[in-house]
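Chain by chain, the residues:
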Amino acid sequence: CETCSKEEAKYRCPRCMKYSCSLLCVKKHKLALSCNGVRDKTAFISVNEFTDLNLLSDYRFLEDVGRTADAAARHCIVHSPATKRLLYCLRNKARGCNIELKTLPVGFTKRRENSTTFNSVENKFYWHLKLVFPHCHAEYTLKGVPDDKTLAEILKPYIDPVESDPVVCQRLKIYTASPQSDVRILMKVENRSRNSVRYNELDASRSLLDNLKGKVIIEYPTLFVVLKTLKNDMVVLGQDGSEPAENSDSESSSLSSVEEGEIRDSS
């Protein structure tokens, strides 16, 4: 027994694989290790140790996931008229602000975590917002962000060297150490193919609502905060939605080089 080291072990914990001799020792080891005693169905198993039992376990796990998802999709609250009316009202209000808001089917992560609401009394959106800082591999989720708040005010607690939280400031050091003029706020253009990802640049001095006008949003806005000198791999569209000139120039030059190579090969 790995708890008392006195008696011969009779049980083995499915979770942490500790040996125990009695119910008392089982309870002690759960308390000491904060172990719930439930087998981790998603634990990593190397190929060399993988057996038919592991395969059967994975198969049953996927069946359980399918049943759980199906039960959630059939839940009466999900398909209630009130829920549908709320989503319809949200999309309708967004359309009135020249925003195309799209909602995902039940079961999608973004649909489940979205907390965006519309206050009819104030005639104002309170957005669920995600901030992505790709240069530091950091993401932050904000809830209840009023649509009249400027992007500069939203970012101040994160990248302002004076007003930001010390822990956040340390994690986003590359942003706080850079001049504020180098910070760019981008939002991905939706409804494009994966090999043609493009971004719109937003104005930090304008409100969130003004920046979202004329955009397509799936569930909630996701803003990418980048530095001007490090966003080489992110293609930003012009104000009129056209491709940047330097991008088309580089593409034409690469095409001409390919054509030259083909001519040399043929010759």
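The rules we used
Residues numbered from 1 in each chain as written. Predicted model: local features only at pLDDT ≥ 70, side-chain atom pairs only at ≥ 80, totals over all residues. Heavy atoms only, no water. UniProt positions renumbered as here; feature names shortened; annotations may be inferred. Helix = DSSP H or I, 4+ residues; strand = E, 2+ residues; numbered from the N terminus. Buried < 20%, exposed > 50% of the residue type's maximum accessible area, 1.4 Å probe, protein only. Contact = heavy atoms within 4.5 Å. Areas by Shrake-Rupley, 256 points an atom, 1.4 Å probe, with all protein chains shown as cover. Arc of directions from axis to C-beta. Polar contact = N/O pair within 3.5 Å; in protein donor to acceptor, adjacent residues only side chain to side chain.

For the protein chain, an unreviewed UniProt entry supplies the name Box C/D snoRNA protein 1 and the organism Cisticola juncidis. According to UniProt, the comment filed for the protein chain under the heading Subunit (unreviewed entry) is "Interacts with FBL, SNU13, NOP58, NUFIP1, RUVBL1, RUVBL2 and TAF9. Interacts (via HIT-type zinc finger) with the RUVBL1/RUVBL2 complex in the presence of ADP." Listed in UniProt under the heading Sequence similarities (unreviewed entry), the comment for the protein chain reads: "Belongs to the BCD1 family."

**Student:** If you had to explain the overall build of the protein chain to someone new, which residues and values would you point to?
**Tutor:** Of the regular secondary structure elements, the protein chain holds nine helices and ten strands. By residue count, 32% of the 267 residues in the protein chain fall in the buried class. Contacts in the protein chain between residues far apart in sequence, at least 24 positions, make up 51% of those at least 6 positions apart. As presented, the protein chain carries roughly 17800 Å² of accessible surface, and 53% of it is formed by carbon and sulfur atoms.

**Student:** Tell me about helix α5 (residues 151-159), residues and numbers included.
**Tutor:** Within α5 the residues assigned to the buried category are Leu151, Ile154, Leu155, Tyr158 and Ile159. The arc enclosing the buried residues of α5, seen along the axis, measures out at 110 degrees, which places them on a common side.

**Student:** Residue-level account of the side chain of Thr176, with values.
**Tutor:** Tracing the sequence through the fold places Thr176 in helix α7 (residues 173-176). Within the structure, Thr176 has its side chain in polar contact with the backbone oxygen of Lys173 (distance 3.1 Å). The residues touching Thr176, leaving out its near neighbours within four places in the chain, are Tyr158, Ile159, Pro161, Ser164 and Cys169.

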